[in-house]
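# Structural overview for review
The chain contents come next:
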Amino acid sequence: MSITRILAEVKSYGKQYMRNKSAAFFSFAFPVLMILIFGAMFGSGGISKMTIQVQNLDDGQYSQAILDLMNKTTLVNIKMISPETNLTDYIKENSLDVAIQFPADFSGEISQGMSNTSALAAKVVLYGDPSQSTFGTVASVVGQVVVQLNYNMAHARPLAEMEVRHVASANYSMMDYFLPGVIGITVMTNAMYSMTAVCATQKSKGYSKMLATTLLRKDEWLVSKFIFYTVLLTTSLLLTYFVGSLVFEMHSSITLLTIVLIAAGAFVFTSMGMLLGTVIKDAESANAVAGAIGFPMMFLSGAFFPLEAAPAWLQAISKGIPLTYFNDALRDTMVFANNASALTNLAIVGVIGVVVFVLASRLMSWKE
Amino acid sequence: MSEAEIWQIEEDEGLITQAYPRRMAKRELKDGIIEVERLSKHYPPDLKAVDEISFTIKRGQIFSLLGPNGAGKTTAVEILEGLREPTSGSARIFGVDISHDYDKIRKRVGILPQNFEPFEMLRPLEALEYWAHLFNMKKSNKELLELIESVGLGGKKDAMGGKMSGGEKRKLGIAMSLINDPELLFLDEPTTGLDPKARRDLWALIQGIKKRGATVVLTTHYLDEAEKLSDDVAIMNKGRVIARGTPDQLIEQYGKETYIVLVGVGQTAVEELAKRGITSHRENGNVVVPVSNPRELRTMFAKLSSIQVEFKDMYTRRQTLEDVFLNLVGQKMDEGVLRA
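Residues numbered from 1 in each chain as written. Chains lettered and ligands numbered in written order. Predicted model: local features only at pLDDT ≥ 70, side-chain atom pairs only at ≥ 80, totals over all residues.

All right, on to the overall build of chain A then. Counting its secondary structure elements, chain A contains 14 helices and 4 strands. By the compact-globule yardstick of 21 Å for 368 residues, chain A is too spread out, its C-alpha radius of gyration being 28 Å. For chain A, the proportion of its 368 residues judged to be buried stands at 39%. (Helix = DSSP H or I, 4+ residues; strand = E, 2+ residues; numbered from the N terminus. Rg over C-alpha atoms; globule rule 2.2 N^0.38 Å. Buried ≥ 20, exposed ≤ 12 C-beta atoms within 10 Å, placed from the backbone.)

For chain B, the helix and strand inventory stands at 13 helices and 16 strands. Oriented by its inertia axes, the alpha-carbon framework of chain B measures out at about 75 × 45 × 45 Å. Buried positions account for 39% of the 340 residues belonging to chain B. Taking the contacts inside chain B whose residues are at least 6 apart along the sequence as the reference set, 69% of them involve residues at least 24 apart. (Contact = placed C-beta atoms within 7 Å.)

A separate point is the sheet that holds strand β4 (residues 125-128) of chain A. Residues and elements named next belong to chain A. Strands sit in the order β2-β1-β3-β4 across an open sheet of 4 strands; the sheet is mixed. Among the strands making up the open sheet, the edge pair consists of β2 (76-81) and β4. Neighbouring strand axes in the sheet, compared pairwise and without regard to direction, differ in orientation by 30 degrees on average. Where strand β1 (residues 50-56) and β2 come together, 6 bridges link them in parallel fashion. Each residue of the ladder has a partner; that of Gln 53, found in β2, is Lys 79. (Pairing = 2+ DSSP bridges. Axes fitted to C-alpha atoms, helices over the stretch in contact; angles between N-to-C directions.)

Turning to the interface of chain A and chain B, a few remarks are in order. Counting from both sides, the interface comprises 20 residues of chain A and, opposite them, 21 residues of chain B. Looking at the side of chain A that touches chain B, the elements with two or more residues in it are α1 (3-18) and α8 (207-212) of chain A. By residue number, the principal contributor to the side of chain A that touches chain B is α1(A), which donates 6 residues. Along the lines of polarity and charge, the residues of the side of chain A that touches chain B split into 5 nonpolar, 8 polar and 7 charged. (Nonpolar A, V, L, I, M, F, W, Y, C, P; charged D, E, K, R; others polar.)

In this structure, Leu179(A), Ala191(A), Ala266(A), Leu80(B), Leu128(B), Ala175(B) and Val216(B) are the most contacted members of the largest nonpolar core, which totals 141 residues. Discounting chain neighbours no more than four positions away, the residues touching Leu80(B) are Ile34(B), Ala91(B), Ile93(B), Ile98(B), Phe186(B) and Val217(B). Residues Ile52(A), Ile100(A), Phe106(A) and Val124(A) belong to the second largest nonpolar core, which totals 17 residues. (Core = buried A, V, L, I, M, F, W, Y, C linked by C-beta atoms within 7 Å.)

Here the focus is the packing of helix α7 (residues 174-205) of chain A against helix α9 (residues 218-248) of chain A. Residues and elements named next belong to chain A. For the pair α7 and α9, the least separation of the axes is 10 Å and the interaxial angle reads 150 degrees. Classified by the angle between their axes, α7 and α9 sit roughly antiparallel to one another. Seen along the crossing, α7 lies across α9 with a hand that is right-handed. Residues Met 175, Leu 179, Val 182, Ile 183, Thr 186, Val 187, Asn 190, Ala 191 and Met 195 of α7 pack against Lys 225, Tyr 229, Leu 232, Leu 233, Ser 236, Leu 237, Thr 240, Tyr 241, Gly 244 and Phe 248 of α9. (Parallel < 35°, antiparallel > 145°, perpendicular 65-115°, else oblique. Left-handed = near helix turned anticlockwise from the far one by under 90°.)

Written out as structure tokens, the structure is:
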């Protein structure tokens, strides 16, 4: 391999890349924007107040007591619906995910239940779409409030309670857990998407043929891309981390292993981009093909949503995705300071990278 | 160019070295820098893109592969550039079998591919510096600027590749193909789609490259271009070489007639000539009289002078490669497309 040729390729590609405004945006501004937007959304611990629409057909004290308890949770804003309104029509017209109804004589039924042990429990009714996350949250809040009301009326107190403790450090914020996911997505999208497009453009513009007429070898070209993306993405990581730390007081740390991981990520995802590039004929279809592979990877890797509750088959697919191991490794070293686990995940990323690199360099042709 | 002149240029430019001694260069001058033997390229199920072509290209010449689109010119030349594998046959460049040892000669060859596009986001100086490094060469800015000037891009040295005109892009492509000071240069349809001025500029550039001692292999579908530039022409059609020689040889061998052109006369002249038993036809506002044997020209001039036809001027026009192509293929060629 010739260092002169590799560095010339890195320098030339770097110039062309940085002169492309959209590429520069996705490398630097996009991850910073993601951190700022998600930070603004979840920066206060990840929970924001939600509005619950309530129709109270009951005039009694107990429905009011439940509403008071709900207000005290500081999790919800309550908006009342007129008792004259047809609730199901109202929900449809306003596309509500959830609404609560206290039936007429709700308080009367509770009073009756206190004196007659065989009477049925009074019901607070939840209307809505159980597939929506809002429905689940409201159901949880209402359930807890109703349990609390039952304790109050029975003059009982809970004997066991839940206490939440952060695994890594009490100082860590939501953004610290979120940052590795942002880095993972940035590395994947930059390296894989742009390499797919580069390979397609090389073919359609005849650059590959031109390169084949020089002394540059395919493996030198591949290595040059790997070097370029490692430098680019490490810079992007440092910038994102700096902005995140400045705005959200993050405490996760960038270790030497983090940089090694960025290099491994650049290696595996540039190789994947090249592999995809071998089957694409034109630049126009490059983004569509990269997207078809990249988007499922993004969601199935658990970068933003934990997959523990997902079906077993989906979790099995997740185990076959390099981004999963890449994200886990970043989280291991940056948040949990568990370098042993990070190294295991790094090894898996490395093995996948080598396999994809060899495949890409075999299948990629600059000639006929 | 004489043999002595070539030696002088080669010694001046350091091309004659221990690794490439004069005796090797002499052999190439005598026997050919490129030797192609029954070269074929077939594609399934039954396309014979190149069909058993053979030729030798001598050192220091401009050799043109001339033919319509789909004749097999680019396929043939891309085999010689090491970009395609032949189905059968062999080719040697500088005495090296290109199917096995192309890497040994890569540094001595310059290539301008068909439909060349420069890197859109690089300026000429940057592109040339980059390209030099890909040949393990380090060129000073002065050398690169001289190269840019030599291809006529001095006024565009700060323009991005993507912002250049078609002619400027090709000039940059030629500059890139010259970065390694090649002894052999392949130019695949360098003037296709360019305006007449840009074409003439490139012709001058190609002639200049020849003067520097390089051998040029040119593919083109422009008959005037091949005639103007080439020392040696192979006409290709349907994958085969159907005629071979210098433009003069081809015209002599396949051209049928010489013409006398009477300028500024009308249809009445054609009728008048017909009465005297002289065949003629109108062409671009003139009257053209074909003469099958050049030795009969003097007699025909005498006959035409005796006829009472007013004309502004009279000159002879010999057949061109365009006429040769028409005689060989039976169709005219327009922008690479055969027409009835």
